[in-house]
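Each chain, written out:
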Amino acid sequence: LESEIDVNNHTPFKNDLAFLLDVEHLWYDAQHLKDLNDANIDIMLSDLSLQRDTYRNKVKTYYNQQFGSVFRTHSTRTLFFHRLARYSDLYTSKVTNMLAYPLYYKFGARRQFYDHENII
C-alpha cells in the first residue's frame, strides 16, 4: 500500500496520468467523427488510440512492470480492491498510522457514485 501511495504522489506519474485522462477524454468524445469518413479524422483517432495504449501501459508500469497496481487494472478496480473495500471499513499500511488520530475520531465511508448517477 505504501509503495502505491508513493507512486500516486510521484509527479511524473501524476503528469502521465493527467495526459492519459486527457487523451482518453478526446478519444471518447471524437469517436462519432468517424462517421464523416475523413482520412484526417481517422489518422487523428488512430494517433489518439496509439497514445492511449502507450500511456496506459506507462502508467501501469509505475506500479509494477508485470501487472501494474494491485488495486486497479487500467480504469477498472481489481477484485482484490473490491474484496478489500467490502470487508474493511478502513485500511492502512501500518497500524501505527492510526496514532495520528485522537481516540474520539470517527471514520466513515464516503459515498460511492454509480456511473449513471450525477456527481454533486
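Enquirer: Break down the overall build of the protein chain for me, citing the residues and quoting the values.
Expert: Looking only at helices and strands, one finds 4 helices and 2 strands in the protein chain. For 120 residues, the compact-globule formula gives about 14 Å, and the C-alpha radius of gyration of the protein chain, at 19 Å, lies well above that figure. When its C-alpha atoms are laid out on the principal axes, the protein chain stretches across 65 × 35 × 25 Å. Counting all 120 residues of the protein chain, 18% fall into the buried class. Sequence-distant contacts, at least 24 apart, represent 47% of the contacts inside the protein chain between residues at least 6 apart. A gap of 11 Å separates the mean positions of the 14 positive and 15 negative side-chain charges of the protein chain.

Enquirer: I'd love a proper account of the packing of helix α2 (residues 11-30) against helix α3 (residues 39-63), names of residues and values included.
Expert: Packing of α2 against α3 brings their axes to within 9 Å, and their N-to-C directions diverge by 150°. Here α2 is positioned roughly antiparallel relative to α3, judged by the angle of their axes. Taken as a pair, α2 and α3 cross one another with a handedness that is left-handed. Note on element contacts: α3 touches α2 through Met44, Leu45, Leu48, Ser49, Gln51, Arg52, Tyr55, Arg56, Lys58, Val59, Tyr62 and Tyr63, opposite Pro12, Phe13, Asp16, Leu17, Phe19, Leu20, Val23, Glu24, Leu26, Trp27, Tyr28 and Ala30. For the contact of α2 with α3, a count of residues per class yields 17 nonpolar, 2 polar and 5 charged.

Enquirer: Please give an account of a nonpolar patch on the surface that cites residues and values.
Expert: A cluster of nonpolar side chains, namely Leu90, Tyr101, Tyr105 and Phe107, defines an oily patch on the protein surface of about 390 Å² accessible area. By the secondary structure assignment, leucine 90 is in the segment after α4 (79-87).

Enquirer: Help me get a handle on unusual backbone geometry, residues and values and all.
Expert: One non-glycine residue, asparagine 37, lies in positive phi territory at about 55°. As for its placement among the helices and strands, asparagine 37 is situated in the loop between α2 and α3. Taking relative accessible area as the criterion, asparagine 37 reaches 68% and is therefore assigned exposed.

Quick notes on the rules
- Residues numbered from 1 in each chain as written.
- Predicted model: local features only at pLDDT ≥ 70, side-chain atom pairs only at ≥ 80, totals over all residues.
- Heavy atoms only, no water.
- Helix = DSSP H or I, 4+ residues; strand = E, 2+ residues; numbered from the N terminus.
- Rg over C-alpha atoms; globule rule 2.2 N^0.38 Å.
- Buried < 20%, exposed > 50% of the residue type's maximum accessible area, 1.4 Å probe, protein only.
- Contact = heavy atoms within 4.5 Å.
- Lys, Arg positive; Asp, Glu negative; His and termini not counted.
- Charge placed at Lys NZ, Arg CZ, Asp CG, Glu CD.
- Axes fitted to C-alpha atoms, helices over the stretch in contact; angles between N-to-C directions.
- Parallel < 35°, antiparallel > 145°, perpendicular 65-115°, else oblique.
- Left-handed = near helix turned anticlockwise from the far one by under 90°.
- Nonpolar A, V, L, I, M, F, W, Y, C, P; charged D, E, K, R; others polar.
- Patch = residues over 30% accessible without salt bridge, like charges linked within 9 Å, V, L, I, M, F, W, Y side chains within 5 Å.
- Areas by Shrake-Rupley, 256 points an atom, 1.4 Å probe, with all protein chains shown as cover.
- Salt bridge = Lys/Arg side-chain N within 4 Å of Asp/Glu carboxyl O.

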